Each structure stands twice: as structure tokens, then as C-alpha cells.
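Per-entry structural report
Spelled out from the first residue to the last, the chains are:
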Amino acid sequence: MTLRTLTQPARSRGGLIFAVVLVAVVAALVAPFPTHAQNGGGPNFGPVRDRDYLSNGRYDAALVELGRVLFFDEVLSGNRNISCATCHHPENATADALSLPLGEGGVGLGVARTAGNGPGRVRQRVPRNSPALFNLGARQFRSLFHDGRVAIDARSASGFDTPAGDDLPAGLDNILAAQAMFPVTSAIEMAGRRGANEIGRAAARGRLAGDDGVWNLLAQRLRDNPEYVRLFQNAFDDVDDATDLTMVHAANAIAEFEMDAFRSDDSPFDRFLRGNPAALSQQQRRGMNLFYGRAGCARCHGGALQTDRRFHSIAMPQVGPGTGDGPDGRDDFGRERVTGNRSDRFEFRTPSLRNVELTAPYGHAGAYATLDAIVTHYRNPPQEIRDYDPSQLILPSRRYLDRFDLIVMGDPGRVAAIAASNEARPARLDGRDRADLVAFLRSLTDPAARDLSSQVPASVPSGLLTR
Ligand code: HEC
Ligand code: HEC
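To start, this report covers the structure provided alongside it.

What counts as what
- Residues numbered from 1 in each chain as written.
- Chains lettered and ligands numbered in written order.
- Predicted model: local features only at pLDDT ≥ 70, side-chain atom pairs only at ≥ 80, totals over all residues.
- Heavy atoms only, no water.
- Helix = DSSP H or I, 4+ residues; strand = E, 2+ residues; numbered from the N terminus.
- Contact = heavy atoms within 4.5 Å.
- Polar contact = N/O pair within 3.5 Å; in protein donor to acceptor, adjacent residues only side chain to side chain.
- Buried < 20%, exposed > 50% of the residue type's maximum accessible area, 1.4 Å probe, protein only.
- Near = heavy atom within 4 Å.
- Nonpolar A, V, L, I, M, F, W, Y, C, P; charged D, E, K, R; others polar.
- Salt bridge = Lys/Arg side-chain N within 4 Å of Asp/Glu carboxyl O.
- Axes fitted to C-alpha atoms, helices over the stretch in contact; angles between N-to-C directions.
- Parallel < 35°, antiparallel > 145°, perpendicular 65-115°, else oblique.

With that settled, the discussion passes to the environment of D238. Within the fold, D238 resides in the loop between α10 (226-235) and α11 (247-261). Setting aside chain neighbours within four positions, we find D238 in contact with D244 and H249. A distance of 3.1 Å separates the side chain of D238 from the side chain of H249, its partner in a polar contact.

Structurally, R230 is set in helix α10. Since its relative accessible area comes to 52%, R230 is described here as exposed. Separated by 159 residues in sequence, R230 and D389 have C-alpha atoms that sit 52 Å apart.

All right, on to the site of ligand 1 then. Around ligand 1 sit 27 residues in total, of which C84, C87, H88, F145 and H146 are the nearest. Within the backbone of H146, an N or O atom sits 2.8 Å from an oxygen atom of ligand 1. A distance of 3.2 Å separates a nitrogen atom of ligand 1 from a polar side-chain atom of Q179. Counting only elements with at least two residues in the shell around ligand 1, the list comes to α5 (84-87), α6 (175-180), α7 (187-191) and α11. Broken down by element, the shell around ligand 1 gets its largest block of residues, three residues, from α6.

Further remarks concern the site of ligand 2. The local shell around ligand 2 holds 20 residues, among which C297, C300, H301, H364 and Y378 are the closest. H301 places a side-chain nitrogen or oxygen 2.9 Å from a nitrogen atom of ligand 2. In this structure, an oxygen atom belonging to ligand 2 sits 2.6 Å away from a side-chain N or O atom of H364. Looking at the shell around ligand 2, its residues break down into 12 nonpolar, six polar and two charged.

Throughout the structure, instances matching the rule amount to 26 salt bridges. When the shortest N-O distance is used, the salt bridge between D153 and R155 registers 3.2 Å. Judged by its relative accessible area of 77%, R155 is exposed. Residue D436 pairs with R286 through a salt bridge whose shortest N-O separation is 2.9 Å. Residue D436 is found in helix α19 (residues 431-442), and its partner R286 is found in helix α13 (residues 282-291); the two are separated by 150 residues along the sequence. On the basis of relative accessibility, which here comes to 34%, the residue R286 falls in the partly exposed class.

Look at helix α4 (residues 61-72) against α11: their axes get within 7 Å of each other, and the N-to-C directions meet at 100°. Considered as vectors, α4 and α11 are oriented roughly perpendicular to each other. In contact with L63, V64, L66, G67, R68, L70, F71 and F72 of α4, α11 contributes A250, A253, I254, E256, F257, E258 and D260. A breakdown of the residues in the contact of α4 with α11 according to their chemical character gives 10 nonpolar, one polar and four charged.

Cis geometry is found at the peptide bond from A360 to P361, where omega equals -5°. Considering the arrangement of structural elements, one finds P361 in the loop between β5 (348-349) and α15 (371-377). Its identity is not glycine, yet N56 carries a phi of approximately 50°, on the positive side. Residue position: N56 is located in the loop between α3 (36-39) and α4. Judged by its relative accessible area of 30%, N56 falls in the partly exposed class.

Take a look at the structure:
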């Protein structure tokens, strides 16, 4: 549509209409997507900006540096053998490259990780895929985890609705800080088993808050380390001496680090949104128009970060030990676990797709190994889950772990139940469409995310650096 064809009829109907139409046309011309109306596809939103992030994208350097060492320090785990970075390592694009993590007791990083040996070895896989942590400082993220069980909630005293209920202390700056209180309380992720150490013992008794709770016991380890005390004094006005230091301070610092280090919004797609059409190849543009058009992806993956922040079932294959649901505990009911509503069964949050090329395997249990595999899933989710090929799982093998991995997928009744919950309409996608969609998904990679090694600290105060 040209300026000429729009203004001509308007002029004949008088000045006011002319003015209104002129404003509309000018708006269309200065809008970032003049192509949108012409081709019926493409995004209908602008680029991500600083103000879309907490603190407008500006973070406190002393807090970030403290958060960085805490994120990599195994002192925050009961048996001093695992850190946040083990499962969210910059080398693995802030995740662990596995379908399901091996938590405390495991050895090594990424695909080389093993379940370890001896009495301290891993006894059970973590039941869900470790998500990447990109752009979680964006204000739009008001709930975290695959099932959204940590959420902003103005009605609760702490400001958050979490599994800890009233135990969660006040003073947590944001939702990432609230989240950071939890991995340390999980026996298989970081705390360790009941008999193994004082943290694991407190966690097994459900003691999180209080002097003998997980959070205070961990803070005590930090108080006992003079270098940490100095770093906390530096970073916080309300930490004068060691006794002031709490796990809440640690969580706030970790959150500041995550927001700063893992903001990642300079991909070719971002450059396109900022007004450079040449940032995307022809194929990526075809894929983009499919994504925001006929393929229906944007029904759920809408907006600049490709998520509606809601929960849906896409009939994703269920693998691994499960979260305790179903007849034998091997299912994962997803969002229903949080809401208690049967209608939310098998729903998981729509993930952001930023840097998705770097964050395989995909889905809440890491069922799909490649972008092509998950895009193919959308041709017909209820059928694809029945045809699922488990050979693509990336699960370091151990007989006593492996035997639980495919219980649900080996049971046609349970597979049918997941298939029946599907909300993603089958999309007609031929080979070229799928290749175009994958090309578009690759345009969401920020080149800086390919090498995040500068985020790894040279050392940590305890000496227990995850590398
Ligand atoms: C043993 C592996 C493991 C360790 C250690 C670990 N995480 Fe995670 N992390 C996960 C898994 C798995 C999930 C998803 C769990 C779920 O949804 O139920 C997750 C989820 C998260 C999320 C939510 C992301 C989102 O998009 O919803 C954040 C943030 C996070 N972890 C940060 C941390 C921090 C900070 C630490 C250290 C205090 C940590 N993690 C330690 C495996 C781990
Ligand atoms: C009905 C909502 C919905 C639609 C439509 C949809 N998705 Fe998804 N998508 C989801 C949900 C929910 C998940 C996570 C499922 C899980 O974890 O089990 C997901 C996961 C993904 C993932 C894996 C991301 C990761 O980090 O694990 C990719 C890639 C993806 N979708 C791409 C697409 C593409 C491409 C389309 C269009 C062909 C599409 N989606 C259509 C809801 C949807």
C-alpha cells in the first residue's frame, strides 16, 4: 500500500479524515515493520530495550562480582561438590547439555558428566531438563521453573509464591533471587542426602528457615570465610560484620550476576527488529514469517522473547525418573503440580527461544536432541509422541539410573494420556518449511552467547571452583 493510494480517497472526504489517515500512514512508515502488513507474516512488536529489564538493564558491579563467585562456588552445596554453574555453565550456554542433569555426587561437566562412584554417587537423575538462563532479568518473567512454581505474588509477605510458603524470608530483590533460594534445598541437586552432611540433614527434615535451617547453615559457611565477609561488606550497605550476612544477601547477589552476565539480545533477529532488514537471510525471513504466521508458533511463542509466559501441553515425550506423579511416581504432571487443577496436567511453561540453537536438548525433560526434531514434532504432536525415538536422549548411562528412563514412554496408555492433552494444532510443515523454521530459530542466537568464558571467575573464595 502506498502513501498515494491511501491518501487519495481521504482527501476527497475532507481534512479531518485526511489528517487521521496521514497520521496512520506516517506511523506505519516509521514503525519498525513496514513489511508486516504487506506479507501477512513477521513480528508485530518492537525490539527489546533496556527498560524491559529490571533496573533498566543496569547492574551493580560489586553485587555482580560477588554473585559470580557464589554462582561458581561449590561451598553452597551440602557435600561441597556442586555449584549452580555445574548445571548452568557458560561453557554449555548456561545449561548442562544433558537431557536431565546429574546432581550432587556426579563428576565432570556437560556431556562428559558421570554419576560418580562409591557411596556418594548419584542415585537418581534430576527429573527435569536444566534450562538456560538467558534474559531472565526481563520484567516479563513473573514465574520461573518449567511449572512456574516460583512466582511473583504481591499478596504474600515475601513478595513471592513458592514451595517454601511462609518460610521464605523477606528482602529478596526479585524473582531470580527468590529462585536462587531453592536449588540449595534439594537433596539431589545441591543439599545431599540426609546422612551425608548438616545441610542434607536439615533439608530432609524440611528445615529451611531458622537457625538450624538450610539457609542459615549455608550463610554460616560464608560468614566463616573472611574473603566472603569482605565481599559482602563491599556489596551491601546493611552488612557491617559477618553476623549480618544471610542467604538472602547471597541470593540477591546471584540474581544480579545472572541478570548482568546472561542478558543476550543482540542476535540477527534483534538487529532486524532494530531496523536492519539485511540482518536476516532470505531463508531466515521465510522462517520468521512462518513462525509468526501460518505455522502458528507465535500463538504461544509470542513477543520479542518468544514466550507468552503461559503453560501449555504440546504432548512432549516424558522421560526420566519423573516428579512423583502417576501410579508409580514416574509421570510429571507439570503445571497441575502447582495449581492442583486436573485441566493443567502435562502443561509446561512456554520457554523463551533465545539462543535456542545452543541449548539442546529440548523440552522439560530434554526429549529432543535437535531443532529439527522438535520442529518436526509440531507437524502432529499426538502422533509424534507415539513415534518418539529415545535413542536421541543424552543421558550418561548407569544401569540403575537407566531402568527408570523410559517407563512412561513404554506404556501406551500413559503416552495416549499425554497425547490427548496436546494444545498445539498440527502444522502443515514440509521439509523446506522445517528448514526455514530452523534457520529462523538460529537467527535468535546472540553471537556473544557462543563464548561466555569471560563469565567464569579465575577463582572463588572457598577454593572450590566449578570448572
Ligand atoms: C543439579 C543441577 C542444577 C543445579 C546445581 C542448579 N540448577 Fe538451576 N535448574 C536446574 C533444573 C533441572 C531446573 C528446572 C527445574 C524445574 O523446572 O522443576 C533449574 C531451573 C533454574 C532456574 C529457572 C529458569 C527458568 O527459566 O525458569 C534458574 C533461574 C536457576 N535454575 C538458577 C540456578 C541457581 C542460581 C543455582 C545455584 C544456586 C542453580 N540453578 C543450581 C538444574 C540445576
Ligand atoms: C500451544 C503452544 C505452543 C505452540 C503453538 C508452539 N509451541 Fe513451542 N513450546 C511450547 C511449550 C509449552 C514448550 C515446552 C514444552 C515442554 O517443556 O514440555 C515449547 C518448546 C519449544 C521448543 C524447545 C525450547 C527449549 O528450550 O526446550 C522449541 C524450539 C519450540 N517450542 C519451537 C516452536 C515452534 C518452531 C513452533 C511452531 C511450529 C512452536 N514451538 C509452537 C508451546 C508451544
